[in-house]
Amino acid sequence: MASEGGRREKALKIHGCNYYGKDTVRSAPFAIFSRQDILQLALDLHVPVPEIYGTIERKADGTLYTTKAQRTGCDICGFGIHMEPRPHRFDRLRESNTKAWEYWMYHVCKDDDGTEYGWGRVLDYIGVPWEDVPEDDMQMSFEDMEEL
């Protein structure tokens, strides 16, 4: 979204939400809206919210947020994982797609001797718990995200 600033905001100002270049065509029709705009629109239009985001709730100050994922992207991106409280993105991947979690945590790479490993080795190295299942009542809140 343009509200994130940087290159996206600059590109939107230069090209608008549709870009037709020599070798590139892009369309970003929602780029001009903020996260609050999108969440309010979803509520107003009674749009079903994908399960990964949970439900749309409102804080006491009126700010809208989603009860599960605040953003999505690549399921296996580890950027910033050391700063996420549990349940973190790999915990949510295990919950939503156990087979993918198993593959990415244990089998995505091989050592020279043929031993398979994955993200689990990286998380162990940086001290991020992942193999145990966090308690059910440990749900990431909007306040937890603000601390990050």
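The coordinates are above.
What this report covers is the structure whose coordinates are included nearby. As the structure is a prediction and not an experimental result, all values here were calculated from the model.

**Notes on the overall build of the protein**
Right, so step 1: Counting its secondary structure elements, the protein contains 6 helices and 6 strands.
Right, so step 2: Secondary structure elements of the protein occur, N-terminal to C-terminal, as α-β-β-α-β-β-α-α-β-β-α-α.
Right, so step 3: If you take every contact in the protein between residues at least 6 apart in sequence, the share linking residues at least 24 apart comes to 44%.
Right, so step 4: In the structure as shown, the protein presents an accessible area of about 10,600 Å², 55% of it carried by carbon and sulfur atoms.

**What about the side chain of Arg89?**
Right, so step 1: With respect to the helices and strands, the residue Arg89 is situated in helix H3 (residues 89-96).
Right, so step 2: With a relative accessible area of 18%, Arg89 lands in the buried category.
Right, so step 3: Polar contacts involving the side chain of Arg89 include one to the main-chain carbonyl oxygen of Cys77, which spans 2.7 Å.
Right, so step 4: The residues touching Arg89, leaving out its near neighbours within four places in the chain, are Cys77, Gly78, Phe79, Gly80, Ile81 and Glu84.

**With respect to a nonpolar patch on the surface**
Right, so step 1: On the surface, Phe30, Ile32, Phe33, Leu41, Leu45 and Val47 cluster together into a nonpolar patch covering about 570 Å² of accessible area.
Right, so step 2: By the element assignment, Leu45 lies in the loop between helix H2 (35-44) and strand S3 (56-58).
Right, so step 3: When its relative accessible area of 54% is taken as the criterion, Leu45 is described as exposed.

**Things to note about the pattern of salt bridges**
Two side chains carrying opposite charge are able to pair once their charged atoms lie near each other.
Right, so step 1: Counting across every chain of the model gives 6 salt bridges.
Right, so step 2: Here Arg86 makes a salt bridge to Asp91, at a shortest N to O gap of 2.6 Å.
Right, so step 3: Residue class for Asp91 comes out buried when judged on its relative accessible area of 7%.
Right, so step 4: Across the pair Arg94 and Asp91 runs a salt bridge whose closest N-O atoms are separated by 3.4 Å.

**Quick notes on the nonpolar core**
Right, so step 1: Counting residues in hydrophobic clusters, the biggest one holds 10 residues: Ile76, Ile81, Phe90, Leu93, Ala100, Trp101, Met105, Leu123, Val128 and Trp130.
Right, so step 2: Every element with two or more residues in this core is listed here: H3 and helix H4 (98-107).
Right, so step 3: Ranked by the residues each element gives to this core, the list is headed by H4, at 3 residues.
Right, so step 4: Apart from residues no more than four positions distant in its own chain, Leu93 is found in contact with Asp75, Ile76, Thr98, Ala100 and Trp101.

**Describing the packing of H3 against H4**
Geometrically, a packed helix pair is captured by the angle between its two axes and the distance between the axes.
Right, so step 1: Where H3 meets H4, the axes come as close as 5 Å, and the angle between the chain directions of the two elements is 135 degrees. It follows that H3 is oblique to H4 by the angle criterion. Of the residues in H4, those in contact with Phe90, Leu93, Arg94 and Ser96 of H3 are Thr98, Ala100, Trp101 and Met105.
Right, so step 2: Here the residues of the contact of H3 with H4 are counted per class, giving 5 nonpolar, 2 polar and 1 charged.

**What to know about the side chain of Arg94**
Right, so step 1: Locating Arg94 in the fold gives a position in helix H3.
Right, so step 2: Polar side-chain contacts of Arg94 include one of 2.9 Å to the backbone oxygen of Asp132.

**Looking at unusual backbone geometry**
Right, so step 1: Omega for the peptide link from Arg86 to Pro87 comes to 0 degrees, which places this bond in the cis form.
Right, so step 2: With respect to the helices and strands, the residue Pro87 is situated in the loop between strand S4 (64-66) and H3.
Right, so step 3: Residues other than glycine seldom take positive phi values, yet His46 does so here, at roughly 55 degrees.
Right, so step 4: With respect to the secondary-structure elements, His46 resides in the loop between H2 and S3.

Conventions adopted
Residues numbered from 1 in each chain as written. Predicted model: local features only at pLDDT ≥ 70, side-chain atom pairs only at ≥ 80, totals over all residues. Heavy atoms only, no water. Helix = DSSP H or I, 4+ residues; strand = E, 2+ residues; numbered from the N terminus. Contact = heavy atoms within 4.5 Å. Areas by Shrake-Rupley, 256 points an atom, 1.4 Å probe, with all protein chains shown as cover. Buried < 20%, exposed > 50% of the residue type's maximum accessible area, 1.4 Å probe, protein only. Polar contact = N/O pair within 3.5 Å; in protein donor to acceptor, adjacent residues only side chain to side chain. Patch = residues over 30% accessible without salt bridge, like charges linked within 9 Å, V, L, I, M, F, W, Y side chains within 5 Å. Salt bridge = Lys/Arg side-chain N within 4 Å of Asp/Glu carboxyl O. Core = buried A, V, L, I, M, F, W, Y, C linked by side-chain atoms within 4.5 Å. Axes fitted to C-alpha atoms, helices over the stretch in contact; angles between N-to-C directions. Parallel < 35°, antiparallel > 145°, perpendicular 65-115°, else oblique. Nonpolar A, V, L, I, M, F, W, Y, C, P; charged D, E, K, R; others polar.

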